[in-house]
Amino acid sequence: MASTYPSPSPTTSTNPVDQGGAIKIAALHPDIIHTHILTRLDGPTLASAACASSDLHALASSDDLWRDICAATWPSISHPRVTQLVSTFPAGHRSFYSDSFPALDHVISPDCFDPDRSKELISAVDIYYRDRLVFSRVKETETASEWFHCSPFLVDLVDQKESLPAPIKHVGEDQVWLKHLEENLTLNWILIDPMGKRAANLSSRRPVSVQRHWLTGEIQFRFATIMNRCRSGKYVQCGMVVTCGGKEGGEMHVKEVSMHLEDMEGRHLNGKESLIVLGSAINGGKRKKFGNGEEGKERFEEYLEMKREWREKKQRRERALDFVCILTGVSIFVSFWSFILFR
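Calculation notes
All chains use their own residue numbering, which begins from 1 and follows the written sequence. The predicted origin of the model limits local features to residues at a pLDDT of at least 70 and limits the giving and counting of side-chain atom pairs to 80 or more, whereas totals for whole chains, interfaces and linings rest on all residues. Heavy atoms throughout the structure, all of them, feed into the side-chain values; hydrogens and water do not. Numbering goes from the N terminus for both helices and strands, where a helix is a DSSP run of H or I of at least four residues and a strand is a run of E of at least two. A simple rule labels every residue: compare its accessible area, found with a 1.4 Å probe on the protein chains alone, to the largest value its type can have, and call it buried under 20%, exposed over 50%, or partly exposed in between. Working rule for contacts: check all heavy atoms of both residues, and any pair within 4.5 Å makes them a contact. For accessible areas, the Shrake-Rupley method is used with a probe of radius 1.4 Å. Any residue's cover is judged against the shown protein chains and nothing else. Confidence of the predictor at the level of single residues is captured by pLDDT, which takes values from 0 to 100. The directions from the helix axis to the C-beta atoms form the arc being described. Residues belong to a common nonpolar core when they are buried Ala, Val, Leu, Ile, Met, Phe, Trp, Tyr or Cys residues joined through side-chain atoms within 4.5 Å. We treat Lys and Arg as the positive residues and Asp and Glu as the negative residues; His and chain ends play no part in the count. Just to be clear on terms, a salt bridge is a Lys or Arg side-chain nitrogen sitting within 4 Å of an Asp or Glu carboxyl oxygen. Counting of polar contacts relies on pairs of N or O atoms within 3.5 Å, with two restrictions inside protein: one atom must be capable of donating a hydrogen and the other of accepting it, and residues adjacent in sequence are counted only when both atoms are side-chain atoms. Whether two strands pair comes down to DSSP finding at least two bridges between them. Each axis is a line fitted through C-alpha atoms, taken for helices only over the stretch in contact, and angles between the N-to-C directions span 0 to 180 degrees. Orientation categories follow fixed angle ranges, with anything under 35 degrees roughly parallel, anything over 145 roughly antiparallel, 65 to 115 roughly perpendicular, and all other angles oblique. Handedness of a helix crossing follows the sense of rotation of the near helix relative to the far helix, less than a right angle counterclockwise being left-handed and clockwise being right-handed. Note on residue classes: Ala, Val, Leu, Ile, Met, Phe, Trp, Tyr, Cys and Pro are nonpolar, Asp, Glu, Lys and Arg are charged, and everything else, Gly too, is polar.

> Please clarify how the overall build of the protein chain should be interpreted in this entry.
Along its length, the protein chain carries 10 helices and 12 strands. Among the 343 residues that make up the protein chain, the fraction classed as buried is 40%. Looking at the protein chain alone, contacts between residues at least 24 apart form 62% of all its contacts between residues at least 6 apart. A total accessible area of about 19000 Å² is found for the protein chain, and carbon and sulfur atoms account for 55% of it.

> Which parts of the structure should I look at to understand the confidence of the model for the protein chain?
As a note on interpretation, predicted positions should not be read in detail where pLDDT is low. With 87% of its residues at a pLDDT of at least 70, the protein chain reaches an overall mean of 85. Contacts from residues 7-14, a stretch scored under 50 in pLDDT, to residues over four places away or in other chains number nine contacts.

> I tried to follow helix α4 (residues 63-73) on my own but got confused; where do I start?
Turn by turn, an α-helix covers 3.6 residues, leaving residues three or four places apart pointing in a common direction. Inspection of α4 places L65, W66, I69 and C70 among the buried residues, and these make up the whole buried set. When α4 is viewed along its axis, its buried side chains cluster within an angular range of 125° and face the same direction. On its buried side, α4 packs onto α1 (30-37), α2 (43-50), α3 (54-60) and α6 (93-100).

> It is not clear to me how the nonpolar core should be interpreted in this structure. Could you clarify?
Nonpolar side chains in soluble globular proteins tend to end up buried together. Ranked by internal contacts, the top residues of the largest apolar core, which has 45 residues, are F135, W189, L202, F221, V257, M259 and L278. The residues touching L202, leaving out its near neighbours within four places in the chain, are L104, W189, L191, T225, M227, C238, M240, M259 and L278. Among the nonpolar cores identified, the runner-up in size contains 25 residues, and L65, W66, Y97 and I122 belong to it.

> So what exactly am I meant to see when it comes to the side chain of D126 here?
Residue position: D126 is located in strand β2 (residues 120-129). For D126, which is buried and forms no salt bridge, the nearest opposite charge comes from R137, at a distance of 9.9 Å. Of note is the side chain of D126, whose polar atom sits 2.7 Å from the side chain of S76. Of the polar contacts made by the side chain of D126, one reaches the side chain of S136; its length is 2.7 Å.

> Quick question: what am I supposed to make of the pairing of strand β9 (residues 219-228) here?
The two faces of a sheet get side chains in turn, since along a regular strand they alternate between them. Most of β9 sits out of view: eight of its 10 residues are buried. The pairing of strand β8 (residues 209-212) with β9 spans four bridges and is classified as antiparallel. Its bridge partner being in β9, S209 is matched across the sheet by R222. Here β8 folds back onto β9 in antiparallel fashion, the turn holding six residues, of which G217 has a positive phi close to 80°. Sheet analysis places β9 next to strand β10 (residues 235-245), joined by 10 bridges and oriented antiparallel.

> Teacher, can you tell me more about the packing of α4 against α6 here?
Packed helices, taken two at a time, are described by their axes: the angle between them and the distance between them. Contact geometry of α4 with α6 gives a least axis separation of 8 Å together with a crossing angle of 40°. Taken as axis vectors, α4 and α6 run oblique relative to one another. Crossing angle aside, the handedness with which α4 passes α6 is left-handed. Where α4 abuts α6, its residues D63, W66, R67, I69, C70 and T73 lie against H93, R94, F96 and Y97. Broken down by class, the residue content of the contact of α4 with α6 amounts to five nonpolar, two polar and three charged.

> Explain the pattern of salt bridges to me, please; I cannot follow it from the model alone.
When the charged atoms of two side chains lie near each other, side chains of opposite charge can form a pair. Within this structure, the stated rule accounts for 14 salt bridges. Between E140 and R81 there is a salt bridge; the shortest N-O distance is 3.7 Å. Remark: R81 occurs in helix α5 (residues 80-86) and E140 occurs in strand β3 (residues 132-142); sequence separation between them is 59 residues. Residue E182 is joined to K297 by a salt bridge in which the shortest nitrogen-to-oxygen separation is 2.8 Å. Pair noted here: E182 is in helix α8 (residues 174-184) and K297 is in helix α10 (residues 295-342), with a separation of 115 residues, a long-range link. On the basis of relative accessibility, which here comes to 9%, the residue E182 falls in the buried class.

Encoded structure:
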């Protein structure tokens, strides 16, 4: 059967050996490059290889390579619904990877997302503990109804009575164990816009905070991405919460995996407000290389500091307004009695 991969460009030199005696990569058959070299590369390395030459670019653009990389990185996208959606992206799985692998930085689109154009959002979620898959699920969220637009936005992947076993055991002292969990648990929450054929990974990858409930003993992991609210100059926290329970020394269970959006006042955004923020981020958000895992936590701490400063400024304004109201009331009272007594 004839090869399905492109042959080397006719402009490539016919000499298979360079001056140092090494065989040029262009001399290798495309099937060998594809099967024995490119299939061994991860996503960033494959993307770099595609920039080396036009021949490698043609080979590295093969959708089956990117499909395998995406499935290995995010097992949830093997779901039939997600597979069908990704096939409609401009460059298939390569487009999906370029959207979802980098960290979401901030919104650069000058236009706000129109919530009326969205019919649904697809969540593809994967949780890993020490590179071992703990949880993988896909959730479709209908976004067209008036009920969704007016209700607080919440995507909950685990039913109330559901409890999923996780290969995590309580070892060591509490603080040491919580630090261990913070360093070894990772979350990928990819949100897909089927209409716009775009996707974004909304998670900070590693938790921005890990807390143990003093009464129930449940562990709550918070992941967060801070987004700027369209045309308002204010920020919004896209928070993802993973709650695990279990007895000390035993295996833990995943009891909650959810996402919501809240503003700087701590108010949960409704569906319509959330669609504008999320749609603008997915379709107009700037992506950047994911760093050492601490960037998300640092950004979250900066956000908490901004919230504290904003709250203090609001309280000062309210105190000043109260003082003006009291002063005005006293002035009216004094003026009234002065008029009565001295007329």
